[in-house]
Amino acid sequence: MKSSKKTYQEVAEACSKYQPVSEEYGFKNSSCECNTPSCLNCTHFTDQEHCDLDLYDQIVERIK
Ligand code: SF4
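Keep in mind that this is a model prediction, so the values were computed, not measured.

## Observations regarding the site of the ligand
Link 1 in the chain: Neighbouring the ligand are 13 residues; Cys-15, Tyr-18, Cys-39, Cys-42 and Cys-51 lie closest to it.
Link 2 in the chain: The site holding the ligand turns out to be the largest cavity.

Right, here's the structure in full:
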């Protein structure tokens, strides 16, 4: 399964649970694309690059 940066963005845009990380989480002044919805900046995305709500795979299936 592809899991490119673009896929993470498409998934987050289609995800009803997308929750952007706030500045309190340390992204302030970083170079992350915080204004673009993406699993990569979602609070539900874990260090293991896994959605802790297990929504990622379902959404990828739906949007591909
Ligand atoms: S990490 Fe999970 S909850 Fe967050 S946007 Fe991606 S699929 Fe949705």
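## Here we look at helix α1 (residues 5-14)
Link 1 in the chain: Buried residues of α1: Thr-7, Tyr-8, Val-11 and Ala-12, and no others. Down the axis of α1, the buried side of the element spans an arc of 135 degrees, and every buried residue falls inside it. Of the exposed residues in α1, the ones pointing more than 90 degrees away from its buried face are Lys-6 and Glu-13.
Link 2 in the chain: Residues of α1 that are buried make contact with α2 (56-63).

## As for the pattern of salt bridges
Link 1 in the chain: According to the stated counting rule, one finds two salt bridges in the structure shown.
Link 2 in the chain: Among the salt bridges present, the one from Glu-10 reaches Lys-6, with a minimum N-O distance of 2.4 Å. Residue Glu-10 and its partner Lys-6 are located together in helix α1, separated by four residues, close to a single helical turn.
Link 3 in the chain: Residue classification places Lys-6 among the exposed positions, given a relative accessible area of 53%.

## Comments concerning empty space enclosed by the protein
Link 1 in the chain: This structure, assessed with the given rule, holds one cavity of 30 Å³ or more.
Link 2 in the chain: Within this model, the largest cavity holds a volume of roughly 100 Å³.
Link 3 in the chain: Lining the largest cavity are 13 residues, and of these Cys-15, Cys-39, Cys-42, His-44 and Cys-51 lie nearest its centre.
Link 4 in the chain: Residue composition of the lining of the largest cavity, grouped by class: eleven nonpolar, one polar and one charged.

Calculation rules
Residues numbered from 1 in each chain as written. Predicted model: local features only at pLDDT ≥ 70, side-chain atom pairs only at ≥ 80, totals over all residues. Heavy atoms only, no water. Near = heavy atom within 4 Å. 1 Å grid on protein atoms, 1.4 Å probe; cavity = no way out; pocket = protein on both sides within 12 Å on 5 of 7 lines; lining within 4 Å. Sits in = over half its atoms within 2 Å of the grid points. Buried < 20%, exposed > 50% of the residue type's maximum accessible area, 1.4 Å probe, protein only. Helix = DSSP H or I, 4+ residues; strand = E, 2+ residues; numbered from the N terminus. Arc of directions from axis to C-beta. Contact = heavy atoms within 4.5 Å. Salt bridge = Lys/Arg side-chain N within 4 Å of Asp/Glu carboxyl O. Points joined across faces, edges and corners; volume = space filled by probe spheres on them. Nonpolar A, V, L, I, M, F, W, Y, C, P; charged D, E, K, R; others polar.

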